[in-house]
Every structure is written in structure tokens, then in C-alpha cells.
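Given next are the chains, with one letter for each unit.
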Amino acid sequence: MKIVDIKTAVVAYHGQATLVRIDTDEGISGYGEANPDAGAAAIVGLIAELKSELIGEDPRNVEHCWEKLRRNHIFSGAQSGVFLIALSGIELALWDLAGKAAGQPLYRMMGGKFRDRIRLYADCGDGDDPSGSPEGCAARAKRMVAEGFTALKFDIDNLQHPAKFDGANHTANGAELRTMVERVAAVREAIGPDIDLCIDLHGRYDVPTACRIAWAMEPFDLLWLEEPIPAENVDALRQIRGRSRTPICVGENLYMRWGFRELFQQQGADVVMPDVPKCGGLAESKKIANLAEVYYIPFAPHLVSTPLGTMATCHVCGTVPNFLVLEWHALEEREVWDSYVRAPDGSGSIVKDGHIALPDAPGIGVELDMDGVRKHAVPGYGIFE
Ligand code: MG
């Protein structure tokens with residue numbers, strides 16, 4: 001089996017998500033997806049550039065294909081960022097092909113499963129009220145728990161807070177802190193003690209502010225406080241972690257095993273959240289999860305992908321013992337999100353009762369619904385042309 005072509009399509013979800021199709025000389029194709037955060041233009045262009053290096057390769061040699069592209073480009077950014085996001089999209093499609101060629105679901109290709117369904121946390125953003133009021137956050141929290149979610153995440157960083165003294169520095173003042181605490185208190189009150197609650201700070205603060213927030217969060221028994229500072233300074237993360245009882249989570253802005261190495265060695269995080277279609281792909285994420293296991297750290301992937309990238313991520317989550325919970329972000333775009341695939345059981349969505357069941361169909365195990373792809377395709381990119 002040989003790769004004969006690689007094509008892309010761009011659809012609207014969380015911005016612009018790039019879907020990847022790899023065609024073979026045996027008539028079967030594999031589908032993958034790259035994380036949308038870098039935008040589509042760079043990813044589509046880079047995949048078109050890389051294509052010639054994979055033509056003629058056997059797609060079932062997934063890790064060889066991945067390593068070939070990575071090593072070929074160590075002088076052109078193959079350490080992080082846009083390059084790794086494009087490489088991840090290709091890698092997901094290679095795995096889908098390898099699974100289809102073997103007639104096996106990806107979880108089985110990757111060593112078999114620890115669990116039949118993957119627990120999701122609902123990313124609730126600022127809640128039901130655009131102003132992010134405590135009441136709006138509590139309302140959304142109750143709605144998601146009623147839908148079957150056992151874990152939630154809210155955002156409490158606000159660079160537009162009216163009391164902010166300076167939009168450029170990374171220090172929050174007392175009024176900002178009070179707003180954060182009111183929001184989290186309202187949510188915890190609404191959901192009771194047994195629902196897992198995560199809070200995201202999007203890397204917006206400095207060490208003293210991060211510590212004040214982490215201390216203020218202690219009464220609310222968070223599952224984690226996410227990215228209180230930017231991800232790249234492990235010493236600073238370790239300081240925050242050492243000064244609070246609130247668990248710290250990082251990882252969505254780190255890439256490959258090497259990006260996580262220092263974090264693990266210095267024990268700068270309590271939980272790690274690599275983004276699978278961003279950090280290097282399925283095999284790389286499994287290796288990161290296995291490294292986390294060495295340090296008894298749970299694996300809770302970040303995710304902002306369509307159901308295709310989501311289901312691919314679920315296969316990794318199924319195959320590692322230290323999986324904790326997976327992000328699910330499609331609350332505000334639910335109808336568009338659901339339209340991209342046909343659920344394996346014929347129902348309208350792959351998400352049920354706050355979980356996704358691992359499919360037994362070969363490869364990733366969900367088929368793109370081309371009507372949905374065409375309906376929400378971003379103009380100007382073509383659809384697998
Ligand atoms: Mg985050």
C-alpha cells in the first residue's frame with residue numbers, strides 16, 4: 001500500500017478546523033484533523049508542502065512517516081507550533097488508514113482498551129449570561145450536570161474587567177479576584193461537592209497573582225486550576241504548585257515528549273493536558289501519557305476539534321491507565337459540531353450522558369458526513385480537491 005495523495009478541507013468549528021485526507025493506491029483513504037488554533041491557511045499550506053515527502057510511503061508505517069517529516073524539518077520549526085499541528089493532522093489520517101487496512105479500531109491498534117467509554121468534561125466558558133455573571137455560570141453548570149456530565153470547566157480570566165488598572169501587565173487586583181471567587185463559589189454551590197470542577201486562566205497572570213488565585217480557590221476543591229501563567233517556565237509553575245493546595249494543570253501549549261520532559265522532571269504540574277491533534281498526534285500523546293504515568297500524573301487532554309479529531313483522541317484516552325477526563329468544547333456550536341460525522345449507532349451525536357463510547361469500526365471509527373462538511377466548509381479552500 002502506497003500513499004498517492006494528501007488533500008485538505010477546512011470547516012467552521014472553533015474558528016477554522018483543517019481536515020486531512022490521505023489517499024492510497026489500494027483505493028482506501030484515511031481522515032485526520034489538525035487543531036484549529038493556528039488557523040487554516042498556515043496548516044493547509046504546510047500540508048501541501050509536506051505532501052511530496054510522503055508520496056510512495058506505506059501509510060501503515062505510521063511512526064516512520066511521522067519521524068521522517070519531523071527529522072526532515074528540524075531546521076524549519078519541527079519542534080512546536082504550526083509545524084507540529086500540521087504533522088498531527090497528517091498523523092491522525094495515517095492511523096485511520098492503518099486501522100482501516102488492518103480492519104481494526106485504533107484502540108486495538110494501540111494496545112487495547114482500559115475502558116469502553118470516555119468521560120468528558122463540559123467546557124462551560126463564561127456560562128449562560130454573556131456578562132459571565134455568577135447566576136449565568138450556575139445556570140449553565142446545572143444544565144450540564146442534568147445532561148449527564150460529571151465534570152465541568154469554567155473560565156475566570158477577564159482582561160476586560162472594568163476594575164483593571166492596566167491591560168498590559170499580568171497582575172489581577174482585589175476586585176478582579178473577588179469576581180473570580182464569586183463565579184466559582186456560585187458554580188460549586190449549584191453543583192454540590194461531587195461534580196469535578198476545573199478552572200481555566202489561559203496563561204494570563206504572573207506568579208503572585210497565580211498564587212493568590214490558587215489560594216482563593218482552595219475552599220472549592222478544584223480538580224485543577226489550568227495555566228495560571230504561560231506554559232514555558234517550569235520553575236515558575238513549580239513555585240505556584242508548591243505554594244497552594246489547588247492542583248495545577250498545563251500542557252495544551254506544549255509539544256511532543258521533549259516539550260513535556262522538563263515539566264515531568266521538575267514536577268511542575270499535577271495534571272497534564274496535551275492536545276492530541278496539536279502536540280504531535282496519537283502515538284506521541286500516548287507516549288506523553290506514559291511519561292506522565294512514570295510520575296503518577298493523570299492525563300486529561302485538551303481538545304477543541306470536530307467529532308473526527310475528538311474520536312481519534314478518545315482512542316488514546318482508552319488505551320492509557322492514567323486517563324482522567326477529556327475536554328468537550330462544543331456547547332455553543334453543538335449543531336454544527338454534530339453535523340460533521342454520522343454517529344456509529346445512527347443517532348444524532350457521538351456524545352451521550354457526558355461520555356463518548358469507543359467504536360469498534362476500523363480506524364478512527366466515525367465517518368465524515370460530507371453534507372455537513374460541505375454545508376460548513378470555509379470558502380476558498382476547496383473540499384479535498
Ligand atoms: Mg485552557
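Computed from a prediction, not measured in an experiment: that's the story for all the values here.

### Description of the overall build of the chain
A tally of regular secondary structure across the chain gives 14 helices and 14 strands. Relative to the globule expectation of 21 Å for 385 residues, the C-alpha radius of gyration of the chain, 20 Å, shows essentially globular dimensions. In terms of its C-alpha atoms, the chain occupies a principal-axis envelope of roughly 65 × 45 × 40 Å. Within the chain, residue pairs in contact and separated by at least 24 positions form 72% of the contacts whose partners lie at least 6 positions apart. For the chain, the accessible area works out to roughly 14900 Å², and carbon and sulfur atoms hold 50% of it. When the 38 basic and 55 acidic side-chain charges of the chain are each reduced to a single mean position, those positions are 3 Å apart.

### Some details on the packing of helix 6 (residues 174-191) against helix 7 (residues 207-217)
Between two packed helices, both the angle of their axes relative to each other and the distance between the axes serve to describe the pair. Orientation of helix 6 relative to helix 7, taken along the N-to-C sense of each, is 35°, at an axis distance of 10 Å. Two packed elements cross with a definite hand, and for helix 6 against helix 7 that hand is right-handed. Side by side, helix 6 and helix 7 meet where G174, L177, M180, V181 and V184 of the first sit next to R212, I213, A216 and M217 of the second. Here the residues of the contact of helix 6 with helix 7 sort into 7 nonpolar, 1 polar and 1 charged.

### Observations concerning the coordination of the magnesium ion
Tetrahedral coordination by four donors places them ideally at 109.5 degrees to one another around the metal; octahedral coordination by six donors ideally gives 90 or 180 degrees. Around the magnesium ion, the donor atoms from the protein are D200 (OD), E226 (OE) and E252 (OE), and they sit 2.0 to 2.2 Å away. As a motif over one chain, the donors of the magnesium ion read D-x25-E-x25-E. Of this pair, D200 sits in strand 6 (residues 196-200) while E252 sits in the loop between strand 8 (248-250) and helix 9 (256-265), and the two are 52 residues apart along the sequence. With a relative accessible area of 10%, E252 lands in the buried category.

### Side note on helix 2 (residues 62-72)
Those residues of helix 2 that sit buried are V62, C65, W66, E67, L69 and R70. For helix 2, the elements touching its buried residues are helix 1 (40-54), helix 3 (81-102), helix 9 and helix 11 (282-294).

### Here's the deal with the packing of aromatic side chains
Here the structure, examined in full by the defined rule, presents 6 aromatic pairs. Here the aromatic rings of F260 and F264 are separated by 6.0 Å at their centres, their planes lie at 25°, and the arrangement is stacked. With F260 and F264 both in helix 9 and 4 residues apart, the pair spans about one turn of that helix. Ring centres 5.7 Å apart and planes at 80° place the aromatic pair W328 and W337 in the edge-to-face group. Across the pair, W337 and W328 agree in class, each one buried. Among the aromatic residues, those joined into a ring-pair cluster are F149, W328 and W337.

### A look at the pattern of salt bridges
Within the structure shown, the criterion is met by 29 salt bridges. The shortest N-O distance in the salt bridge between K7 and D5 comes to 3.8 Å. Between E226 and K153 there is a salt bridge whose closest N-O contact spans 2.9 Å. Placement of the pair is E226 in strand 7 (residues 224-226) and K153 in strand 5 (residues 151-155), with a sequence separation of 73 residues. Of the two residues examined, E226 and K153, each falls in the buried class. One connected set of salt bridges, linked through shared partners, spans D128, R140, R143 and E332.

### Here we look at helix 5 (residues 134-146)
End to end, helix 5 covers 18 Å across 13 residues, agreeing with the expected 18 Å (1.5 Å per residue, within 8%). Considered for burial, the residues of helix 5 that qualify are G136, C137, A138, R140, A141 and M144.

### What about the sheet that holds strand 3 (residues 29-34)?
What the 3 strands build is an open sheet, ordered 1-2-3; its pairing is antiparallel. Looking at which strands have only one partner, the edges of the open sheet turn out to be strand 1 (3-12) and strand 3. When strand polarity is set aside, the average angle formed by the axes of neighbouring strands in this sheet is 20°. With 6 bridges joining them, strand 2 (residues 16-24) and strand 3 adopt antiparallel strand pairing. Bridge assignment links D23 to a residue of strand 3, and that residue is S29. On the sheet, helix 1 packs against strand 1, strand 2 and strand 3 and is oriented at approximately 175° with respect to strand 1. Packed onto the sheet, helix 3 meets strand 1, strand 2 and strand 3 and runs at close to 150° relative to strand 3.

### Topic: the pairing of strand 1
Across the 10 residues of strand 1, 7 count as buried, placing the element largely inside the fold. In terms of strand pairing, strand 1 meets strand 2 through 9 bridges, oriented antiparallel. Paired with A9 across the two strands is L19, which belongs to strand 2. Hairpin connection between strand 1 and strand 2: a loop of 3 residues separates the two successive antiparallel strands, and H14 in this loop has a positive phi of roughly 50°.

### Section: the packing of helix 1 against helix 3
Between helix 1 and helix 3, the shortest axis-to-axis distance is 9 Å and the interhelical angle comes to 60°. Between helix 1 and helix 3, the crossing angle belongs to the class labelled oblique. Once helix 1 is placed against helix 3, the crossing between them reads as right-handed. Within the contact between the two elements, helix 1 uses A42, I43, L46, I47, L50 and L54 and helix 3 uses V82, F83, I85, A86 and I90. In terms of residue class, the contact of helix 1 with helix 3 is built from 11 nonpolar, no polar and no charged.

Reading the values: rules and limits
- Residues numbered from 1 in each chain as written.
- Predicted model: local features only at pLDDT ≥ 70, side-chain atom pairs only at ≥ 80, totals over all residues.
- Heavy atoms only, no water.
- Helix = DSSP H or I, 4+ residues; strand = E, 2+ residues; numbered from the N terminus.
- Rg over C-alpha atoms; globule rule 2.2 N^0.38 Å.
- Contact = heavy atoms within 4.5 Å.
- Areas by Shrake-Rupley, 256 points an atom, 1.4 Å probe, with all protein chains shown as cover.
- Lys, Arg positive; Asp, Glu negative; His and termini not counted.
- Charge placed at Lys NZ, Arg CZ, Asp CG, Glu CD.
- Axes fitted to C-alpha atoms, helices over the stretch in contact; angles between N-to-C directions.
- Left-handed = near helix turned anticlockwise from the far one by under 90°.
- Nonpolar A, V, L, I, M, F, W, Y, C, P; charged D, E, K, R; others polar.
- Donors = N, O, S within 2.8 Å, 3.2 Å for Na, K, Ca; no water.
- Buried < 20%, exposed > 50% of the residue type's maximum accessible area, 1.4 Å probe, protein only.
- Phe/Tyr/Trp six-rings, centres within 6.5 Å; stacked < 30°, edge-to-face > 60°.
- Salt bridge = Lys/Arg side-chain N within 4 Å of Asp/Glu carboxyl O.
- Expected span 1.5 Å × (residues − 1).
- Pairing = 2+ DSSP bridges.
- Parallel < 35°, antiparallel > 145°, perpendicular 65-115°, else oblique.

Everything listed here is a matter of geometry and, on its own, says nothing about what the molecule does.
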